Amino acid sequence: MKSALSDLAFFGGPAAFDQPLLVGRPNRIDRARLYERLDRALDSQWLSNGGPLVREFEERVAGLAGVRHAVATCNATAGLQLLAHAAGLTGEVIMPSMTFAATPHALRWIGLTPVFADIDPDTGNLDPDQVAAAVTPRTSAVVGVHLWGRPCAADQLRKVADEHGLRLYFDAAHALGCAVDGRPAGSLGDAEVFSFHATKAVNAFEGGAVVTDDADLAARIRALHNFGFDLPGGSPAGGTNAKMSEAAAAMGLTSLDAFPEVIDRNRRNHAAYREHLADLPGVLVADHDRHGLNNHQYVIVEIDEATTGIHRDLVMEVLKAEGVHTRAYFSPGCHELEPYRGQPHAPLPHTERLAARVLSLPTGTAIGDDDIRRVADLLRLCATRGRELTARHRDTAPAPLAAPQTSTPTIGRSR
Ligand SMILES: Cc1ncc(COP(=O)(O)O)c(C=O)c1O
């Protein structure tokens, strides 16, 4: 255990971890089952276009989401675009800035205007009052994001949406297996979109799914994600190709098989972090359980610079030197990213405050109890010696810290 600042790799000591710990490392799966499914696909020579593995995957995802329809897609970004297009959205769409760039980018790419509203500081999710304040005659929908798997305040958002005649959708990229008051994420909006990117609790290498109870909407999305064929009357935009392949579905199904074990492991990891860091002033491990049932894929800590004397960005650099690759989910808020930067937006004080403090720690099946204790010890050293550490960094290496939100969660490599 390191106790002196000079022990830190950041100041020239040996790194604590030989094998790097990464946020978003893929969860373990049963490879034999994956290969068996891939063999089945290869033997049948049915590799795409709604094959049996994709259909089975869709059924299981719809079941977890508590809805009647799921359309599997090549990723969640395309899923959001298909949904917005199939629903005929126009003009402005209200969403949080505290999200991954994919949420606004997906809609902007198809000509819609993302409008950022502030979050409730308690949950990190869209504040319904701020949504109401952001509505204009051009608004057609609200897209909430179940940040870190915490379900949005769906009933209050629904009230605002109904009052203004808006559709209500959710970016549920983080939220498979999450629920509030017994209502699963996926069933809270008119439609929702999951991500099965490699870093998610359930992965299909790359993948997504739009889930809904609306049969007509599901049919439109299904047609549009296959070039618009089979869409009665067609679509002015034609269609696109956003299908999930059988290989991706084989991975998705095998990953779903492991999901209960992943949730269990994540839950225990989260509890261990909370226990190790419970009495550390200025370091708060976010408690997802207060906000419903969570898959615990995101262990979030908030670093309070006023108390610890150290900024989150410097903590990230110190941990990185030790081999602990954390991520800042999500920093900066999307309103500070291109192409939104410099555009007028409502005040977003809660987004900006949270974005400056959050840090996502490694979890999942690739991390052990001892790793967690050692990461927590490093965080403790950062927080208890934060002022000294900051001063020493300033004196020795006044380099800029931490890159902005530029990539999705990575597996060692940005994409
Ligand atoms: C909140 C959020 N929305 C959307 C996405 C995009 O998902 P995908 O990579 O499947 O397109 C991500 C990806 O990490 C995300 O975190």
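Predicted model only: the values in this text are computed from it and were never measured.

A. Molecular detail of the sheet that holds strand β4 (residues 113-117). Spatially, the 7 strands line up as an open sheet ordered β2-β10-β9-β6-β5-β3-β4, and their pairing is mixed. For this open sheet the edge positions go to β2 (69-73) and β4, each flanked by a neighbour on one side alone. Looking at each pair of strands side by side, their axes are set apart by 25° on average, direction ignored. Summarising the sheet, β2 and strand β10 (residues 208-212) pair through 5 bridges and their orientation is antiparallel. The residue of β10 that forms the bridge with threonine 73 is glycine 208. On top of the sheet, helix α4 (residues 102-109) reaches β3 (92-96), β4, β5 (139-145) and β6 (167-171); it is set at about 170° to β3, its chief contact.

B. Up close: the pattern of salt bridges. Tallying each qualifying case throughout the model produces 24 salt bridges. Among the ionic pairs, aspartate 377 bridges to arginine 373, the shortest N-O distance being 3.2 Å. Separated by 4 residues within a single helix, aspartate 377 and arginine 373 lie in helix α12 (residues 369-384), roughly one turn from each other. On the basis of relative accessible area, aspartate 377 is assigned to the buried category, the value being 16%. Exposure remark for arginine 373: the relative accessible area of 33% places this residue in the partly exposed category. Residues participating in the shared-partner salt-bridge network are Arg33, Arg37, Arg60 and Asp257.

C. Local environment of the nonpolar core. Leu359 and Leu389 are the most contacted members of the largest nonpolar core, which has 35 residues in total. Listed by contribution, the elements that provide at least two residues to this core are α8 (246-276), β11 (283-285), β12 (299-303), α10 (312-321), β14 (358-361) and α12. No other element matches α12, which puts 8 residues into this core. Contact partners of leucine 359, with chain neighbours within four places excluded, come to Val299, Ile300, Val301, Ile303, Arg312, Val315, Met316, Leu319, Thr326, Arg327 and Leu379. In terms of nonpolar packing, the next biggest core, distinct from the first, is built from 34 residues, Met95, Ala141, Ala223 and Ala242 among them.

D. Representation of empty space enclosed by the protein within the structure. Per the stated rule, a full pass over the model turns up 5 cavities of 30 Å³ or more. Of the voids in this model, the second largest cavity is the one considered here, and its volume is about 90 Å³. Together, 13 residues line the second largest cavity, and Val23, Gly24, Thr199, Gln297 and Thr363 are the ones closest to its centre. Among the residues forming the lining of the second largest cavity, the class breakdown is 7 nonpolar, 5 polar and 1 charged.

E. A look at the sheet that holds β11. In space, the 3 strands of this open sheet follow the order β11-β12-β14, with antiparallel pairing throughout. Looking at the sheet topology across the chains shown, the edges are occupied by β11 and β14. Strand after strand, the sheet turns through a mean of 30° between neighbouring axes, direction not considered. Relative to β14, β12 runs antiparallel, the two being bridged by 4 bridges. Opposite valine 299, over in β14, you have leucine 361 as the bridge partner. Packed onto the sheet, α10 meets β12 and β14 and runs at close to 25° relative to β14.

F. Structural view of unusual backbone geometry. Cis geometry is found at the peptide bond from tyrosine 329 to phenylalanine 330, where omega equals 5°. Residue placement: phenylalanine 330 occurs in the loop between β13 (324-325) and α11 (349-355). With phi around 50°, aspartate 181 is a residue other than glycine that occupies positive phi space. In this fold, aspartate 181 is placed in the loop between β7 (179-180) and β8 (183-184).

G. Local environment of the UniProt feature "active site" (unreviewed entry) in the protein chain. Mapped onto this structure's residue numbering, the UniProt feature "active site" (unreviewed entry) falls at Lys200. Secondary-structure assignment places lysine 200 in the loop between β9 (191-195) and β10.

H. Molecular detail of the pairing of β4. The buried fraction of β4 amounts to 4 of the 5 residues, a majority that puts the element mostly inside the structure. The pairing of β3 with β4 spans 5 bridges and is classified as parallel. Each residue of the ladder has a partner; that of valine 93, found in β4, is proline 114. With α4 bridging β3 and the parallel β4, this β-α-β connection has right-handed handedness.

The rules behind the values
Residues numbered from 1 in each chain as written. Predicted model: local features only at pLDDT ≥ 70, side-chain atom pairs only at ≥ 80, totals over all residues. Heavy atoms only, no water. Pairing = 2+ DSSP bridges. Helix = DSSP H or I, 4+ residues; strand = E, 2+ residues; numbered from the N terminus. Axes fitted to C-alpha atoms, helices over the stretch in contact; angles between N-to-C directions. Contact = heavy atoms within 4.5 Å. Salt bridge = Lys/Arg side-chain N within 4 Å of Asp/Glu carboxyl O. Buried < 20%, exposed > 50% of the residue type's maximum accessible area, 1.4 Å probe, protein only. Core = buried A, V, L, I, M, F, W, Y, C linked by side-chain atoms within 4.5 Å. 1 Å grid on protein atoms, 1.4 Å probe; cavity = no way out; pocket = protein on both sides within 12 Å on 5 of 7 lines; lining within 4 Å. Points joined across faces, edges and corners; volume = space filled by probe spheres on them. Nonpolar A, V, L, I, M, F, W, Y, C, P; charged D, E, K, R; others polar. UniProt positions renumbered as here; feature names shortened; annotations may be inferred. Right-handed = clockwise from strand over helix to strand, strands pointing away.

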